Amino acid sequence: MCGIVGYVGKQAACGILLEGLKRLEYRGYDSAGLAIGAKDGLDVIKKVGRVENLIRAAAGVKETAHTGIAHTRWATHGRVTDINAHPHVSSDHKFALCHNGVIENYLAIKKFCENHGYTFQSETDTEALVNLIAYHYQKEPEAAGKNRFLTAVRKALLHVEGTYGIVALCADYPGEIVGARKGSPLVVGVGNGENMIASDISAFIGRTQNVIYLDDGQVVHLTAEDFDITTIADEAVDPVIAKVDWEIEQAELGHFTHYMAKEIFEQPVALENAIRGRFSDDQSTAKFGGLNIDPLQLRHVDRLLFCACGTAWHACLVAEYLIERFARIPVEVEYASEFRYRNAPLDKNTLVIVISQSGETIDTLEALREAKRKGFRTLAITNVVGSTIARETDGGIYQHAGPEIGVASTKAFTSQILLTAMMALYFGRLRDLSFTEGREMVEALRLVPGLTSQVLDQADKIKVIAKKYAQFEDFLFLGRQAMFPIALEGALKLKEISYIHAEGYPAAEMKHGPIALVSPECPSVFFAPRGEVLKKVISNIQEIRARKGPVICITSAPRDELPEDLANDIIRVPDAHEAVQPILFTIPIQLLAYYIACERNCDVDKPRNLAKSVTVE
Ligand code: M6R
């Protein structure tokens, strides 16, 4: 949420910062700004709207500045205005600051600063912090061997309650940047004769692949040639430089118009990456390298608790069906944001599993921390290597789906489902799942990438259906068992990117209320896989049709098992193993949502009010 980037080196900072901001724009896009440090002081430009507006406003900015910071905003404190955009500048014009997070005691800090003569222009919490830094800078005399800029930032942060990822510039130190984090991600890009800092690596991946992930409570001081990491309390830190495992091309649009489309069509590859090297044919099971828990301990786990948010929470619901079905372990699923504040009694043999594409969602991170605090063993499924959740979990599974940039999660979702299906297989084989059943599952899961391609081949057909339904303002998504979470996901995808009101329900629940919504103006999307509940779903469809509700039916059932004229439109997906069906049924609802949003001229990759990676509570 909000993108930060800072550059110090020998190149002109402005262009590099703007390029970084373009890559970070998916994190927030209501306003953007930059500050560059020059010998004659700080230059600051801020503009409401997309980064494009800032690029236009920055034309002609000093090409001689080699240090700068920039920000793209998703508003938390204060309206969307030029003044509220970051960077914020202290009233003595000494400091510029970009900030992600929320400073909870900003009113007290603001009052303190006002009492000491500092003035305020914006409605933000960030302006309180930048003035507090300026106050400490003025107050602290130059101390031998100490950098006064760094000391002032550190002293100010000691008084902050809340969360932050910050980068700061000081007019007196033109070739230096100070950054710090508590609860909001920051990563240092270590370059050759230049260094960068950003809220995620996509900001600088074209310049360096050597990175240092900052931990909470750490402060970094950057110059072109050097970096130094300490704690806020000024203790030395031994930094670990990691190598990023993806290339800049993976984060580019290529021939696609939107990242969402690119990521939908990347699913066969993302799914192949999820399974690669993770099956044991000898033992007919899945294998994971990073669980950090031995099979004997796992046998003693008698309950799993899954926590996540949004789409990842839907993946947890699918996991509940699959793990209970194949591994016979009781599973509970909680919204991460609820788990943290609910004092749920948990059995000591509970294993807590969080799922997060970004690995930075604050609600999920805090749920993980709460579980660890209470002494539970934790696992995480995450896509972003080196993310905070990945670093703090006891053990985990990387998705290897490649960067997901579209705000609407697509390839990350199907890859999460695939990994939970593999988890069901693994846990099942440690318990009662037979060798033969295990082998069937391994064979079925290996087919997923190819079957996914077959569904994607129907994109043109789904586009035509989308066109037909694009003007409706209400939708129902209805499915039973593992298709219920897919119904929720279908409704979420449509809401997020096309602003159509949509609800997901278990198909049979419809009769207990939602059926009142059914009319010729409210289409229903049904999920009808072949299997034991097919006949029941067909009955539910007929109840809707009897009330003149238009029906789109996604099905894997053979034609002779479906009544003629069952639905207004039918999308066929290949018949597959029960553990594979949720993935295959997801693809049509992603495409449907995407094409409907395009038909309505919505900004698919930057839907209103949203941002990728929600790092505020
Ligand atoms: O990065 P995470 O998986 O933790 O993100 C969780 C949700 O914020 C995310 O899935 C959100 O719901 C997406 N916009 C869904 O498309």
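Not measured: the values here are computed from a predicted model.

Asker: Describe the packing of aromatic side chains, listing the residues and the values that go with them.
Answerer: In total, this model carries 13 aromatic pairs according to the counting rule given. Where phenylalanine 112 meets tyrosine 135, the ring centres are 4.8 Å apart and the plane angle is 85 degrees; that geometry is what we call edge-to-face. Taken as a pair, phenylalanine 112 in helix H3 (residues 106–115) and tyrosine 135 in helix H4 (residues 126–139) lie far apart in primary sequence, 23 residues in all. Overall, tyrosine 135 belongs to the buried group, its relative accessible area being 14%. Seen in terms of ring centroids, phenylalanine 472 and phenylalanine 475 are 6.5 Å apart; in terms of plane orientation they differ by 85 degrees. Their pairing is edge-to-face. For phenylalanine 475, a relative accessible area of 1% corresponds to the buried category. Taken together, the aromatic side chains of Phe95, Tyr137, Phe149 and Tyr173 make up a single cluster linked through ring pairs. Positioned above the aromatic ring of phenylalanine 120, the side-chain terminus of lysine 110 is 5.2 Å from the ring centre. Note that arginine 148 overlies the ring of tyrosine 137, its terminal NZ or CZ placed 4.1 Å from the centroid.

Asker: Summarise the site of the ligand; cite the residues concerned and give the values.
Answerer: The ligand sits among 13 residues. The nearest are Ser356, Gln357, Ser358, Thr361 and Glu496. Between an oxygen atom of the ligand and a side-chain N or O atom of serine 356, the distance comes to 2.6 Å. Interatomic distance of 3.0 Å between a side-chain N/O atom of lysine 493 and an oxygen atom of the ligand. In isolation the ligand has 410 Å² of accessible area, and contact with the protein removes 88% of it. For the shell around the ligand, the secondary-structure elements that each account for two or more residues are helix H9 (310–326) and helix H17 (483–498). The element best represented in the shell around the ligand is H9, accounting for 3 residues. Residues that form the shell around the ligand fall into these classes: 4 nonpolar, 7 polar and 2 charged.

Asker: Can you break down the domain arrangement of the protein chain residue by residue, with the values?
Answerer: Looking at the protein chain, the domain boundaries give domain 1 (3–244), domain 2 (251–270 + 281–430) and domain 3 (447–603). Taken residue by residue, the interface counts 10 residues in domain 1 and 12 residues in domain 2. Each partner contributes to the roughly 900 Å² buried at the junction of domain 1 and domain 2, and carbon and sulfur atoms together form 49% of this total. The interface formed by domain 1 and domain 2 holds 3 salt bridges in total. With a closest N to O distance of 2.4 Å, arginine 391 and aspartate 215 form a salt bridge. Where domain 1 touches domain 2, the interface holds 6 residue pairs in polar contact (both at pLDDT 80 or more). Among the residues making up the side of domain 1 that touches domain 2, the classes are represented as 5 nonpolar, 1 polar and 4 charged.

Asker: Let's hear about the packing of helix H13 (residues 411–430) against helix H14 (residues 435–446): which residues, and what values?
Answerer: Between H13 and H14, the least distance of the axes is 10 Å, while the angle of their chain directions is 165 degrees. When the axis of H13 is compared with that of H14, the two are roughly antiparallel. Here H13 and H14 pass one another in a crossing that is left-handed. Here Leu418, Ala421, Met422, Leu425 and Arg429 of H13 lie close against H14, whose contacting residues are Phe435, Gly438, Met441, Val442 and Leu445. Its residues assigned to classes, the contact of H13 with H14 shows 8 nonpolar, 1 polar and 1 charged.

Asker: Report on the pattern of salt bridges, specifying residues and quantitative values.
Answerer: Between side chains of opposite charge, pairing is possible as soon as their charged atoms come close. The tally for this structure, following the rule as stated, stands at 36 salt bridges. Residue lysine 155 is joined to glutamate 140 by a salt bridge in which the shortest nitrogen-to-oxygen separation is 3.5 Å. One end of the pair, lysine 155, is in helix H5 (residues 148–157); the other, glutamate 140, is in the loop between H4 and H5, and 15 residues separate them in sequence. Its relative accessible area of 31% is what places lysine 155 among the partly exposed residues.

Asker: Can you break down the state of the cysteines residue by residue, with the values?
Answerer: When the sulfur atoms of two cysteines share a covalent bond, that bond is a disulfide. Following the criterion strictly, the structure yields 0 disulfides and no others. Unpaired in terms of disulfides, cysteine 113 finds its nearest cysteine sulfur in cysteine 170, a separation of 16 Å. Here cysteine 316 stays unpaired: no disulfide links it, and the sulfur of cysteine 307, its closest cysteine neighbor, is 7.4 Å away.

Conventions and cut-offs
- Residues numbered from 1 in each chain as written.
- Predicted model: local features only at pLDDT ≥ 70, side-chain atom pairs only at ≥ 80, totals over all residues.
- Heavy atoms only, no water.
- Phe/Tyr/Trp six-rings, centres within 6.5 Å; stacked < 30°, edge-to-face > 60°.
- Helix = DSSP H or I, 4+ residues; strand = E, 2+ residues; numbered from the N terminus.
- Buried < 20%, exposed > 50% of the residue type's maximum accessible area, 1.4 Å probe, protein only.
- Lys NZ or Arg CZ within 6 Å of the ring centre and 35° of its normal.
- Near = heavy atom within 4 Å.
- Polar contact = N/O pair within 3.5 Å; in protein donor to acceptor, adjacent residues only side chain to side chain.
- Areas by Shrake-Rupley, 256 points an atom, 1.4 Å probe, with all protein chains shown as cover.
- Nonpolar A, V, L, I, M, F, W, Y, C, P; charged D, E, K, R; others polar.
- Domains from an automatic or database assignment.
- Contact = heavy atoms within 4.5 Å.
- Buried area = accessible area lost by both parts, 1.4 Å probe.
- Salt bridge = Lys/Arg side-chain N within 4 Å of Asp/Glu carboxyl O.
- Axes fitted to C-alpha atoms, helices over the stretch in contact; angles between N-to-C directions.
- Parallel < 35°, antiparallel > 145°, perpendicular 65-115°, else oblique.
- Left-handed = near helix turned anticlockwise from the far one by under 90°.
- Disulfide = S-S within 2.5 Å.

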